[in-house]
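Tertiary structure, described
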Amino acid sequence: MRAARTDARAIAGLYAVTPDLADTASLVAHVAAAIDGGARAIQYRNKVASEALRAEQAGVLVRACRGRALLIVNDDAALAARVGADGVHIGDDDGGVGAARAFVGDAAIVGVSCHGDPARARAAATAGADYVAFGSFFASRIKPGAHRADIAVLRSAAMLRVAVVAIGGITAANAGALYAAGADAVAVISDVFDRESLADVTRAARSLDTVWRASRRHCSDTAMREPG
């Protein structure tokens, strides 16, 4: 039996996904600004960097996030293990949960992209994933051709007893509907990081965090009103 992973509960609220920045110092500053605004988890994702730069940036971000937010590495379980990240996010071509777990160990978080496929999510949860990610829910500049997921998939995922992450074109204006449908967290790139200043990054993150906190209050109030 694998060890319990209490950190997986922190996959909630704003899960900020990094942009493709070659300047490591700038990347760290942007991530710190997002955390200042309320991001509880950061996914390091850089699709254009060299292997050496990715290793450098991941290592620096692990240190920058320590004690402030979780740091999840996209697509590369070996790199996540090497830099001591909190976990890894895997997609279609990254092997299964078991393969990722062999690198990162039982105590790390493993998340899986499931697009709009409930069967893939069930298989991932059964294999030991800590969270499942669905999307794209809205038009996304990062992945304009991404398959759209039906919001109903968030409701059906509630029975899986793992964290549920929504992704794809999410903003402070539409995140509330995803939380209401059952998302625990929203993964966001552009609406957080595509800003003119670091102060704007913090404000954007805070807006998304405010939506999450409001959704939690609503759920708590609803539960209190329901008969026991």
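To keep things clear, this report deals only with the structure shown in the data block.

Cut-offs applied
- Residues numbered from 1 in each chain as written.
- Predicted model: local features only at pLDDT ≥ 70, side-chain atom pairs only at ≥ 80, totals over all residues.
- Heavy atoms only, no water.
- 1 Å grid on protein atoms, 1.4 Å probe; cavity = no way out; pocket = protein on both sides within 12 Å on 5 of 7 lines; lining within 4 Å.
- Points joined across faces, edges and corners; volume = space filled by probe spheres on them.
- Helix = DSSP H or I, 4+ residues; strand = E, 2+ residues; numbered from the N terminus.
- Core = buried A, V, L, I, M, F, W, Y, C linked by side-chain atoms within 4.5 Å.
- Buried < 20%, exposed > 50% of the residue type's maximum accessible area, 1.4 Å probe, protein only.
- Contact = heavy atoms within 4.5 Å.
- Polar contact = N/O pair within 3.5 Å; in protein donor to acceptor, adjacent residues only side chain to side chain.

In this structure, the largest pocket occupies an estimated 710 Å³ of space. The wall of the largest pocket is formed by 39 residues, among which Arg45, Ser113, Lys143, Ile167 and Gly168 lie closest to the centre. Only strand S1 (13–17), strand S4 (87–90), strand S5 (109–115), strand S6 (131–135), strand S7 (163–167), strand S8 (185–188) and helix H8 (190–193) provide two or more residues apiece to the lining of the largest pocket. The element contributing the most residues to the lining of the largest pocket is S6, with four residues.

A word on the nonpolar core. Nonpolar side chains in soluble globular proteins tend to be buried together. Counting residues in each nonpolar core, the largest one holds 62 residues, and the members touching the most others are Ile42, Leu71, Val132, Phe134 and Leu154. Not counting chain neighbours up to four residues away, the residues in contact with Leu154 comprise Phe134, Phe137, Val164, Ala166, Leu178, Ala181, Gly182 and Ala183. Core analysis: the next-biggest nonpolar cluster, separate from the first, contains 14 residues, Val17, Tyr131, Val165 and Ala187 among them.

Once that is clear, we can look at the environment of Tyr15. Topologically, Tyr15 is positioned in strand S1. If near-sequence neighbours (up to four positions away) are discounted, Tyr15 is found in contact with Ala41, Ile42, Gln43, Ile72, His89, Tyr131, Val165, Ala185, Val186, Ala187 and Val188. Polar side-chain contacts of Tyr15 include one of 3.1 Å to the side chain of Gln43. A polar side-chain atom of Tyr15 sits 2.7 Å from a polar atom in the side chain of Tyr131.

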